[in-house]
Amino acid sequence: MGGKRDEDDEAYGKPVKYDPSFRGPIKNRSCTDVICCVLFLLFILGYIVVGIVAWVYGDPRQVLYPRNSTGAYCGMGENKDKPYLLYFNIFSCILSSNIISVAENGLQCPTPQTVITSLQQELCPSFLLPSAPALGRCFPWTNVTPPVLPGITNGTTIEQGISGLIDSLNARDISVKIFEDFAQSWYWILVALGVALVLSLLFILLLRLVAGPLVLVLILGVLGVLAYAIYYCWEEYRVLRDKGASISQLGFTTNLSAYRSVQETWLAALIVLAVLEAILLLVLIFLRQRIRIAIALLKEASKAVGHMMSTMFYPLVTFVLLLICIAYWAMTALYLATSGQPQYVLWASNVSSPGCENVPINTSCNPMAQPVNSSCPGLMCVFQGYSSTGLVQRSLFNLQIYGVLGLFWTLNWVLALGQCVLAGAFASFYWAFHKPQDIPTFPLFSAFIRTLRYHTGSLAFGALILTLVQIARVILEYIDHKLRGVQNPVARCIMCCFKCCLWCLEKFIKFLNRNAYIMIAIYGKNFCVSAKNAFMLLMRNIVRVVVLDKVTDLLLFFGKLLVVGGVGVLSFFFFSGRIQGLGKDFESPHLNYYWLPIMTSILGAYVIASGFFSVFGMCVDTLFLCFLEDLERNDGSLDRPYYMSKSLLKILGKKNEVPPGNKKRKK
């Protein structure tokens, strides 16, 4: 066994040696990954330049405000008092083809000829319908009977078209109702989010008391669910066996639900579940010691959070930084998309009509001027798109790609910053020999300043690696979307394999980066060295890693389920009016859609719980790495005492020597 252990040490590196000067996160450190830091800062500078260029050449009014036929904005400038756009022929927005042909069918109207000429030239609308504004545009009411127009023999088609258009525009009425619901229920939604915050915080803080029983209950619950599933499969198998329902009678079929009626399906499920139940029981028996260590680390993490409550609210900083990154990218992309000047071309409803033979269709025109050939019916100057001339317009695609790369890189860097800062704070807790006396003052703030000052480049390095993988996944998803119509099973299989491989690679890089940032926060080394040391340390303790990871995942999943489920149930009973007798001040508001504040409360509770538990998960991972290093560095002697808690020492069967004359020495 000793020779085998030596071989493992050589394969995954040698254990960390004792360093008498080490007392937690290194304070005397230097900048790491300087080249990557410079590249990242230059990239950010270029990202700012792209934003400035977009702001100078872009005009978001082109998508925020409607334009009339002359190209002028509605509700701005000379049209300040005219905020709504009126369509001359609303049916052109409804029907797939232009069903109004004045030249072919003639417009039978008992009005002077001059008016008919104006209608033919579309200088004024041929009919008017009572309408209401939506998104700055006038659309007809649903209860309006459409007029009988020449060339339109099917009035039902028009009614259906208007009805379909109005159905798509009913979002405006829905949006008003949604706004009213939020206006009446926002206070109670905040109360629900406050309940979620308190539940999340209490769950984490109480883990020091109930982590052991809670993990035991969860494990027994999983065993119980598997046992019931085995029983259910046996009952189904027994019934079908007595009936003689066999797969040989069914044969092969693509209807998968048909296999539920054969005994072999339930027998296979019974065997699989029984094997899982046996494996889980064996794991509990042989790994019970490591499960106890995992529980002790969870309790220690709860204590660490209790001593540094400011860490629980650091996700707010991360959220604000992420919001800034997303908002900057969105505004830059919007301005870039509207950086060209609008282009107009001549268009006619029917180019084969008399008088349109010599009209240069699809040539540029000025919407402020009248068409040269006024004898062509339906001739008008319509918007085509934005100009692609000029350096900015020709480089628009490249600038948008630069913006997407900037979005991914900055988002990943912000997340890396949060992980490294929290790791530095929690590491200072673990390596404080006398807790809480030796915990540094303002550990979170100190870790934040230390990380920004020395390790911006290392965070940028790790974030860039992850960004490249994510960009590759996005490109692969785009290619898969374009090839979705290709019915080639081999190509689909290859694409699925590529996507699966990139997904696994992204998960591995996230895992490696997370532990690398912990080592950076503790020792202040560059990214590559930190990632290597973290990986080797974890591989030397791979069984403990797996056990702790699964126990933590199970516990945090239950915590999220408890918080989100509790808030969801309370919100449902309150907003649906099922809770009575709370008094006038606590009556549920009258809502159009009572499910809306319920879903908002559930979503908000999930976000809050995820933020709190992400901090707790980072705390567990940090303390775990420190615990592994503590085992390798120290031996419990007077010169090399363990820094772990007494509960961990007891579980491992270890203890620190007590100096003579100090029999009550504390950890």
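Residues numbered from 1 in each chain as written. Predicted model: local features only at pLDDT ≥ 70, side-chain atom pairs only at ≥ 80, totals over all residues. Heavy atoms only, no water.

Going by an unreviewed UniProt entry, the protein chain carries the name Choline transporter-like protein and comes from Aotus nancymaae. UniProt, in the comment section headed Sequence similarities (unreviewed entry), describes the protein chain in these words: "Belongs to the CTL (choline transporter-like) family." (UniProt positions renumbered as here; feature names shortened; annotations may be inferred.)

A. Examining the overall build of the protein chain more closely. Assigned secondary structure in the protein chain consists of 21 helices and four strands. Here the protein chain, with 667 residues, has 39% of them falling under the buried criterion. If you take every contact in the protein chain between residues at least 6 apart in sequence, the share linking residues at least 24 apart comes to 73%. Per element, the accessible surface of the protein chain, about 37500 Å² overall, is 65% carbon and sulfur. (Helix = DSSP H or I, 4+ residues; strand = E, 2+ residues; numbered from the N terminus. Buried < 20%, exposed > 50% of the residue type's maximum accessible area, 1.4 Å probe, protein only. Contact = heavy atoms within 4.5 Å. Areas by Shrake-Rupley, 256 points an atom, 1.4 Å probe, with all protein chains shown as cover.)

B. The arrangement of helix α18 (residues 527-539) in detail. With 13 residues, α18 ought to run about 18 Å at 1.5 Å a step, and its terminal C-alpha atoms sit 18 Å apart, in line with that. Listed in full, the buried residues belonging to α18 are Phe527, Ser530, Ala531, Ala534, Leu537 and Leu538. Projected down its long axis, α18 carries its buried residues within an arc of 135 degrees, all on one side. Buried positions along α18 lie against α16 (456-482), α17 (489-523), α19 (542-575) and α20 (595-633). The opening residue of α18, the one whose side-chain oxygen lies 3.3 Å from the backbone nitrogen of Cys528, is Asn526. (Expected span 1.5 Å × (residues − 1). Arc of directions from axis to C-beta. Polar contact = N/O pair within 3.5 Å; in protein donor to acceptor, adjacent residues only side chain to side chain.)

C. Just the pattern of salt bridges, in detail. Tallying each qualifying case throughout the model produces 10 salt bridges. For Arg238, the salt bridge goes to Glu235, with nearest N and O atoms at 2.7 Å. Taken together, the residues Arg238 and Glu235, both in helix α8 (residues 207-243) and three residues apart, mark about one turn of the helix. Between Asp635 and Arg640 there is a salt bridge; the shortest N-O distance is 3.8 Å. Take Asp635: its relative accessible area is 41%, and that puts it in the partly exposed class. Shared partners join several salt bridges into a network, and the residues in it are Arg473, Glu506 and Lys510. (Salt bridge = Lys/Arg side-chain N within 4 Å of Asp/Glu carboxyl O.)

D. Local environment of the packing of aromatic side chains. Tallied over the full model, the rule gives 21 aromatic pairs. When the centroid spacing of 4.6 Å and the interplanar angle of 20 degrees are considered together, the rings of Phe43 and Tyr402 count as stacked. Taken as a pair, Phe43 in helix α2 (residues 34-57) and Tyr402 in helix α14 (residues 396-430) lie far apart in primary sequence, 359 residues in all. On the basis of relative accessibility, which here comes to 24%, the residue Tyr402 falls in the partly exposed class. Here Tyr517 and Phe527 contribute two aromatic rings whose centre-to-centre distance is 6.2 Å and whose plane-to-plane angle is 50 degrees, an arrangement assigned as tilted. Taken together, the residues span a long stretch of sequence, with Tyr517 in helix α17 and Phe527 in helix α18 at a distance of 10 residues. There is no split in this pair, since Tyr517 and Phe527 are both buried. One aromatic cluster is present, built from ring pairs that chain together Phe40, Phe43, Tyr47, Tyr328, Tyr402, Trp409 and Trp413. (Phe/Tyr/Trp six-rings, centres within 6.5 Å; stacked < 30°, edge-to-face > 60°.)

E. Representation of a nonpolar patch on the surface. Judged by side-chain polarity, Leu197, Val198, Leu202, Leu206, Leu209, Val210, Phe313 and Leu316 come together as a nonpolar surface patch covering roughly 700 Å² of accessible area. The element best represented in the nonpolar patch is helix α7 (residues 171-205), accounting for three residues. One can find Leu206 in the loop between α7 and α8. (Patch = residues over 30% accessible without salt bridge, like charges linked within 9 Å, V, L, I, M, F, W, Y side chains within 5 Å.)

F. Focus on the packing of α2 against helix α12 (residues 314-337). Close contact between α2 and α12 brings their axes to 8 Å; oriented N to C, the two are set at 45 degrees. Between α2 and α12, the angle falls in the class oblique. Handedness of the crossing formed by α2 with α12: left-handed. On α12, the residues that touch Tyr47, Ile48, Val50, Gly51, Ala54 and Trp55 of α2 are Tyr328, Trp329, Thr332, Tyr335 and Leu336. The class makeup of the residues in the contact of α2 with α12 is nine nonpolar, two polar and no charged. (Axes fitted to C-alpha atoms, helices over the stretch in contact; angles between N-to-C directions. Parallel < 35°, antiparallel > 145°, perpendicular 65-115°, else oblique. Left-handed = near helix turned anticlockwise from the far one by under 90°. Nonpolar A, V, L, I, M, F, W, Y, C, P; charged D, E, K, R; others polar.)

G. Geometry of α20. Relative to the 57 Å expected for 39 residues at 1.5 Å per residue, α20 spans 56 Å between its end C-alpha atoms, a close match to the ideal helical length. In terms of residue burial, α20 counts as a mostly covered element, since 30 of its 39 residues are buried.

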